[in-house]
Amino acid sequence: MTVPALTLNDGRSIPQLGLGVFQMEPGDTERLVGEALAMGYRHIDTAAAYRNEDGVGRAIASSGVPREEIFVTTKLWNRDQGADSAHRAIETSLEKLGLDHVDLYLIHWPRPDLDLYVETWRAMEAFRQEGLTLSIGVSNFTPAHLGRLLEETGTVPAVDQVELHPAFAQTELRKFTAEHGIAIESWGPLGQGKYDLFGTPAVADAAAAHGVSPAQIVIRWHLQNGLIVFPKSSHPERMRENLDVFGFELTGEQMAAIDALDSGNRVGADPDTATF
Ligand code: NAD
């Protein structure tokens, strides 16, 4: 199974579909990520805050898959913003992962109340120069936060990883990032199971028409929108299903019906007010 790759604004390539490991039990992560790599996943999205970087690292080490074939993302947690703390944080993440570099390092949340994200972004530029990460990006940044980074540093993030799914489609942010060449990664792509996305006629009818599952329909919607996506599952049969999305295509009409589910309501925290 070949997952298509997208080219980021720094010239590096990223598999458009991967596996997210938020809320994957630390004790299960090595086994589950190992299964994912064996079934063909080549992109893993973790974070210091998920407490499972070491399991991801062990799975990579024992997978037999060459390191350069696996795209690994991790993220700087909020309390580690600021130049010195950020440096310690990336070193700790690399040690836990057992890697000498990650493919992508992200500022996890802007935390505008701390007012440290510009300083942190400058540290991220240095990490890339030092080879600790090949690409740098942000997560949960709004157009206002991105605008400030661009204005004060001139360095455009390769990606912005944000909550994005049919019920919260982020049209304004997507317009801004398209204008600036920033790729979007959709977190909570299936809506985190927090409402009945799969039961909506737009999704259920498309699933029936293509003979696939509702989850596969929603993943296709992300892919056909040019978004990078890494649904999370701790069940190997669902991981396999989520990867098996390249044998069909949604029609323009099916895409439009799913687009119409956008309610503008988040299921997660608001980046402007989150204080965790
Ligand atoms: P998700 O939308 O991927 O939902 C995951 C849930 O969907 C699973 O727990 C399961 O209940 C269900 N599911 C998965 N596959 C299914 C299938 N085939 N059929 C039926 N149900 C299925 O939510 P998520 O895990 O929050 O998001 C994906 C990834 O995004 C995370 O693992 C993490 O890597 C990233 N993330 C990042 C942030 C951030 O702040 N940057 C926040 C949340 C998540």
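Attention in this report is confined to the structure presented alongside it.

What counts, and at which threshold
- Residues numbered from 1 in each chain as written.
- Predicted model: local features only at pLDDT ≥ 70, side-chain atom pairs only at ≥ 80, totals over all residues.
- Heavy atoms only, no water.
- Near = heavy atom within 4 Å.
- Polar contact = N/O pair within 3.5 Å; in protein donor to acceptor, adjacent residues only side chain to side chain.
- Areas by Shrake-Rupley, 256 points an atom, 1.4 Å probe, with all protein chains shown as cover.
- Helix = DSSP H or I, 4+ residues; strand = E, 2+ residues; numbered from the N terminus.
- Nonpolar A, V, L, I, M, F, W, Y, C, P; charged D, E, K, R; others polar.
- Buried < 20%, exposed > 50% of the residue type's maximum accessible area, 1.4 Å probe, protein only.
- Contact = heavy atoms within 4.5 Å.
- Phe/Tyr/Trp six-rings, centres within 6.5 Å; stacked < 30°, edge-to-face > 60°.
- Core = buried A, V, L, I, M, F, W, Y, C linked by side-chain atoms within 4.5 Å.
- Salt bridge = Lys/Arg side-chain N within 4 Å of Asp/Glu carboxyl O.

Describing the site of the ligand
Thinking step 1. Taken together, 25 residues lie near the ligand, and Asp45, Ser139, Leu190, Gln192 and Asn242 sit nearest.
Thinking step 2. Contact between the ligand and Pro189: an oxygen atom at 3.2 Å from a main-chain N or O atom of the residue.
Thinking step 3. The side chain of Glu241 places a nitrogen or oxygen atom 3.1 Å from a nitrogen atom of the ligand.
Thinking step 4. Alone, the ligand offers 830 Å² of accessible surface; in the complex the protein occludes 87% of this.
Thinking step 5. Take the shell around the ligand: its biggest share by element is three residues, from helix α9 (residues 236-243).
Thinking step 6. Residues of the shell around the ligand, tallied by class, amount to eleven nonpolar, nine polar and five charged.

Some details on the side chain of Thr74
Thinking step 1. By the secondary structure assignment, Thr74 is in strand β5 (residues 71-76).
Thinking step 2. Judged by its relative accessible area of 1%, Thr74 falls in the buried class.
Thinking step 3. In this structure the side chain of Thr74 is engaged in a polar contact, spanning 2.6 Å, whose partner is the side chain of Glu53.
Thinking step 4. If sequence neighbours within four positions are ignored, Thr74 has contacts with Thr46, Ala47, Ala48, Glu53, Ser93, Leu97, Val102, Leu104, Tyr105 and Leu106.

Structural notes on the packing of aromatic side chains
Thinking step 1. In total, this model carries six aromatic pairs according to the counting rule given.
Thinking step 2. Judged by centre distance (5.1 Å) and plane angle (40 degrees), the ring pair of Phe22 and Tyr50 falls under tilted. Placement of the pair is Phe22 in the loop between β3 (19-20) and α1 (26-39) and Tyr50 in the loop between β4 (43-45) and α2 (53-63), with a sequence separation of 28 residues.
Thinking step 3. Take Phe22: its relative accessible area is 37%, and that puts it in the partly exposed class.

Here's the deal with the nonpolar core
Soluble globular proteins tend to pack their nonpolar side chains together in the buried interior.
Thinking step 1. Of all hydrophobic cores here, the largest spans 71 residues; its most connected members are Leu19 and Val33.
Thinking step 2. Setting aside residues no more than four positions away along its own chain, Leu19 makes contact with Met24, Val33, Ala36, Tyr41, His43, Ile44, Asp45, Phe230, Pro231, Ser233 and Met239.
Thinking step 3. Leu8, Ile14, Ala158 and Ala183 belong to the second-largest nonpolar core, a separate cluster that totals ten residues.

Some details on unusual backbone geometry
Thinking step 1. Phi is positive for Gln23, close to 65 degrees, though the residue is something other than glycine.
Thinking step 2. Of note, Gln23 is situated in the loop between β3 and α1.
Thinking step 3. The backbone phi angle of Arg51 is positive, close to 60 degrees, even though this residue is not glycine.
Thinking step 4. Tracing the backbone through its elements, the reader meets Arg51 in the loop between β4 and α2.

Concerning the pattern of salt bridges
Thinking step 1. Using the criterion set out here, one finds nine salt bridges in the structure.
Thinking step 2. We note a salt bridge from Asp113 to Arg111, for which the minimum N-O separation is 2.8 Å.
Thinking step 3. A relative accessible area of 47% places Asp113 in the partly exposed class.
Thinking step 4. Between Glu152 and Arg148 there is a salt bridge, and its shortest N-O distance comes to 2.8 Å. Taken together, the residues Glu152 and Arg148, both in helix α5 (residues 143-153) and four residues apart, mark about one turn of the helix.

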